[in-house]
Amino acid sequence: MVNIIIFGPPGSGKGTQAVQLAQKYNLIHISTGDLLREEIANGTSLGLDAKLYIDSGKLVPDKVMIDIINIKLEENKQVQGFIFDGFPRTVPQAEALDNLLNQKGMTISKVLALDVSVEELKKRILKRGMTSGRSDDTDELIIDKRVKEYEEKTKAAANYFDRQEKLSLVQGEGTIEDTFALLCEVIDK
Ligand code: AP5
Ligand code: MG
């Protein structure tokens, strides 16, 4: 069983890379951003609540996110492993994931942290915003807020895994193909 976290600031390529890694290593891809957007599209009460946070670039409360992950782990029992994309995003989420996995006899194998400059992140998100229909992709102030949330709350989760010696920093500024090759190199080690 291999459980990987793909980590990084907004727009760093987590989703793009996670889809390809899931295919190559036969992993279940869990993107909390995609799950929340699905809830919004379905008009659930969870979605309506989450939309308020997402539209202002803020993180959704930990309790909501941990419950979502727990459901997904329960839904996928006989699998080769998971790739977590966009989760955990805070230290309490990281601790909760460790606990949930431990209870099921699993553990995080590796945390791959994409390193991309803020300038490039903003360029990528604004470009996607022209077609994505994502409300949080078009307004520069909201993009700034997302980056700020990452700096203030999410980076600490990387340090949490660094202390467990599971964190690998991977250059994510190159092409999609270059970055994929670098990520595979770390996983295969
Ligand atoms: P989420 O959906 O996770 O968004 P995000 O982390 O802000 O990042 P993105 O999905 O925008 O970027 P990405 O890193 O996946 O990059 P991508 O591959 O798409 O979260 C959205 C919101 O939901 C949060 O703000 C929060 O409110 C809430 N939320 C979600 N999870 C939460 C949690 N755990 N706790 C609390 N709240 C949570 O690439 C970006 C673009 O760049 C694409 O257009 C892509 O084609 C392009 N691209 C990718 N790689 C390259 C490359 N190498 N070169 C050029 N372009 C590239
Ligand atoms: Mg994403």
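Just above, that's the structure.
The notes below deal with the structure included here. Bear in mind the structure is a predicted one, so any value in this text is a computation, not a measurement.

Tallied over the full model, the rule gives 19 salt bridges. A salt bridge links Asp 137 to Arg 128, with the nearest nitrogen and oxygen atoms 2.8 Å apart. Its relative accessible area of 34% is what places Arg 128 among the partly exposed residues. Close ionic contact of Asp 137 with Arg 146 constitutes a salt bridge, the shortest N to O distance being 3.0 Å. By relative accessible area, which is 0% here, Asp 137 ends up buried. Here Arg 146 falls in the buried class, since its relative accessible area comes to 11%. Through salt bridges that share partners, Arg 128, Arg 134, Asp 136, Asp 137 and Arg 146 make up one connected network.

Now for the sheet that holds strand 1 (residues 2–7). Judged by pairing direction, the sheet is parallel, and its 5 strands sit side by side in the order 2-3-1-4-5 without closing on themselves. Whereas interior strands pair on both sides, the edge strands pair on one side only; in this sheet they are strand 2 (28–31) and strand 5 (167–171). Pairs of neighbouring strands in the sheet enclose a mean axial angle of 20 degrees, with direction left out of account. Strands in contact with helix 1 (residues 14–25) are strand 1, strand 2, strand 3 (81–85) and strand 4 (110–115); relative to strand 3, the strand with the most contacts, it is inclined by about 170 degrees.

This paragraph deals with the side chain of Asp 136. Looking at the element boundaries, Asp 136 is found in the loop between helix 6 (118–129) and helix 7 (140–163). Excluding anything up to four places from it in sequence, Asp 136 contacts Ile 54, Ile 142, Ile 143 and Arg 146.

Each value, and the rule that gives it
- Residues numbered from 1 in each chain as written.
- Chains lettered and ligands numbered in written order.
- Predicted model: local features only at pLDDT ≥ 70, side-chain atom pairs only at ≥ 80, totals over all residues.
- Heavy atoms only, no water.
- Salt bridge = Lys/Arg side-chain N within 4 Å of Asp/Glu carboxyl O.
- Buried < 20%, exposed > 50% of the residue type's maximum accessible area, 1.4 Å probe, protein only.
- Pairing = 2+ DSSP bridges.
- Helix = DSSP H or I, 4+ residues; strand = E, 2+ residues; numbered from the N terminus.
- Axes fitted to C-alpha atoms, helices over the stretch in contact; angles between N-to-C directions.
- Contact = heavy atoms within 4.5 Å.

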